Amino acid sequence: MKTDTEIRRDVESELQWDPSVDAKKIGVIVNDGVVTLTGEVCHFGGKWAAEDITKRVSGVRAIANEIQVKIPLSGARGDMEIAEAAANALRWHVVTGAAQIKPVVVDGWVTLSGKVQWGFQRNAAENAMRNLMGVKGVINDIVVASTVKVADVKQKIEEAFKRHALLDAKDIEVKVDSSTVTLKGHVNTWQEHADAAYAAWSAPGVAKVENRLVIQ
């Protein structure tokens, strides 16, 4: 088992190695396998890139992403420019192009509202905003509208778990309350953690997924 010092070293090395993020101003703190990312990045997408990179490191049990977004003058954009870019990103995205989603921008923060039929569309809309120039943050108020029965959602998710070759689902418990799915139990890797959440989001009628799975 890795020590916290070894995990910190590996996370720092992975951040420095990956060209998708500038790691010079990112700090890494590790306590009992829980990694806290601090410091700052120059665009919103960098904050989430750093988190995804950290997930690749073995021994990481959980992540607290406290990175601040500080956009330089060269990357600053007006709210009107960001709103236009956001609308175009949604319209040209194969997942959200036909959905009725409205982006509203105030001081660089993008608020998404509207209705979709699938939870993965809600996530895709938020992800489409992350790498737009000038975006400081995203508030996702999109509603998933569906008439699917709770029992059907639970069954479909559990069936999906069984089909996934890379997901050991024997220690995963699925609870469905209205349109919210809660995943509890244990998995072995961050990839299994992500695969379980993706399978849950792919079920019809799911508006929210609370992934409480613990990585062993």
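We now turn to the structure provided with this report. (Residues numbered from 1 in each chain as written. Predicted model: local features only at pLDDT ≥ 70, side-chain atom pairs only at ≥ 80, totals over all residues. Heavy atoms only, no water.)

### Thoughts on the overall build of the protein
Along the backbone of the protein there are 6 helices and 11 strands. Against the 2.2 N^0.38 benchmark of 17 Å for 216 residues, the protein shows a C-alpha radius of gyration of 19 Å, consistent with a compact globule. Each of the three principal axes of the protein carries a C-alpha extent, and together these read 50 × 50 × 25 Å. Long-range pairs, those at least 24 residues apart, make up 65% of the contacts in the protein between residues at least 6 apart in sequence. Counting only carbon and sulfur atoms, one obtains 52% of the accessible surface of the protein, whose full area is about 12200 Å². Measuring between centres, the 27 positive side-chain charges of the protein sit 4 Å from its 28 negative side-chain charges. (Helix = DSSP H or I, 4+ residues; strand = E, 2+ residues; numbered from the N terminus. Rg over C-alpha atoms; globule rule 2.2 N^0.38 Å. Contact = heavy atoms within 4.5 Å. Areas by Shrake-Rupley, 256 points an atom, 1.4 Å probe, with all protein chains shown as cover. Lys, Arg positive; Asp, Glu negative; His and termini not counted. Charge placed at Lys NZ, Arg CZ, Asp CG, Glu CD.)

### Details of helix 6 (residues 190-201)
Compared with an ideal rise of 1.5 Å per residue, which puts 12 residues at 16 Å, helix 6 spans 17 Å between its outermost C-alpha atoms and is within 8% of the ideal. The set of residues buried in helix 6 consists of Trp 190, Glu 192, His 193, Asp 195, Ala 196, Ala 197, Ala 199, Ala 200 and Trp 201. (Expected span 1.5 Å × (residues − 1). Buried < 20%, exposed > 50% of the residue type's maximum accessible area, 1.4 Å probe, protein only.)

### Structural notes on unusual backbone geometry
The phi angle at Asp 32 is positive, at roughly 55°, despite the residue not being glycine. Mapped onto the elements, Asp 32 comes out in the loop between strand 1 (26-31) and strand 2 (34-41).

### Some details on the nonpolar core
In a soluble, globular protein the nonpolar side chains are often hidden away together inside. Core analysis: the biggest nonpolar cluster contains 58 residues, and Leu 15, Leu 112, Met 129, Phe 161, Val 181 and Leu 183 have the highest contact counts within it. The leading source of residues in this core is helix 6, at 5 residues. (Core = buried A, V, L, I, M, F, W, Y, C linked by side-chain atoms within 4.5 Å.)

### Description of helix 4 (residues 119-129)
In an α-helix, one turn spans 3.6 residues, which is why side chains three or four residues apart end up on the same side. Across the 11 residues that make up helix 4, a large majority, 8, are buried. Summarising the contacts, the buried residues of helix 4 are in contact with helix 3 (79-92), strand 5 (100-106), strand 6 (109-116), strand 7 (137-144) and helix 6.

### Section: the sheet that holds strand 5
The strand order across the open sheet formed by 3 strands is 5-6-7, and the pairing between neighbours is mixed. Each edge of the open sheet is held by one strand with a lone partner, namely strand 5 and strand 7. Between one strand axis and the next, the sheet turns by 15° as a mean value, whatever way the strands run. Bridge analysis of strand 5 against strand 6 gives 7 bridges, and the strand direction is antiparallel. Looking across to strand 6, one finds that Lys 102 is bridged to Ser 113. Running over the sheet, helix 4 touches strand 5, strand 6 and strand 7 and is turned about 160° from strand 7. (Pairing = 2+ DSSP bridges. Axes fitted to C-alpha atoms, helices over the stretch in contact; angles between N-to-C directions.)

### With respect to the side chain of Thr 36
You can see Thr 36 is positioned in strand 2. Setting aside residues up to four positions removed in sequence, Thr 36 forms contacts with Gly 27, Val 28, Ile 29, Ala 64 and Glu 66.

### Let's talk about the environment of Ala 98
Mapped onto the elements, Ala 98 comes out in the loop between helix 3 and strand 5. In this structure Ala 98 comes out as exposed when scored by relative accessible area, which is 77%.

### Brief notes about the pairing of strand 6
Consecutive side chains of a regular strand alternate in pointing toward one face of the sheet and then the other. Hairpin connection, strand 5 to strand 6: the antiparallel pair is bridged by 2 residues, and Asp 107 has positive phi, about 55°. Across 8 bridges, strand 6 lies against strand 7 in parallel orientation. When the sheet's bridge partners are listed, Thr 111 is paired in strand 7 with Ile 139. Since strand 6 and strand 7 lie parallel, the crossover through helix 4 that links them has a hand, and here it is right-handed. (Right-handed = clockwise from strand over helix to strand, strands pointing away.)

### A few points about the layout of surface pockets
Its boundaries defined by the atoms lining it, the largest pocket holds a volume of some 1400 Å³. Lining the largest pocket are 44 residues, and of these Trp 48, Glu 51, Asp 52, Lys 55 and Arg 130 sit closest to its centre. Elements with a contribution of two residues or more to the lining of the largest pocket: helix 2 (44-55), strand 3 (62-65), strand 4 (68-69), helix 4, strand 7, helix 6 and strand 10 (208-211). It is helix 2 that provides the largest number of residues to the lining of the largest pocket, a total of 9 residues. When grouped by side-chain class, the residues that make up the lining of the largest pocket number 19 nonpolar, 13 polar and 12 charged. The calculated volume of the second largest pocket comes to roughly 200 Å³. For the lining of the second largest pocket, the class distribution of residues is 3 nonpolar, 3 polar and 5 charged. (1 Å grid on protein atoms, 1.4 Å probe; cavity = no way out; pocket = protein on both sides within 12 Å on 5 of 7 lines; lining within 4 Å. Points joined across faces, edges and corners; volume = space filled by probe spheres on them. Nonpolar A, V, L, I, M, F, W, Y, C, P; charged D, E, K, R; others polar.)

By themselves, these figures tell us nothing about what the structure is for.
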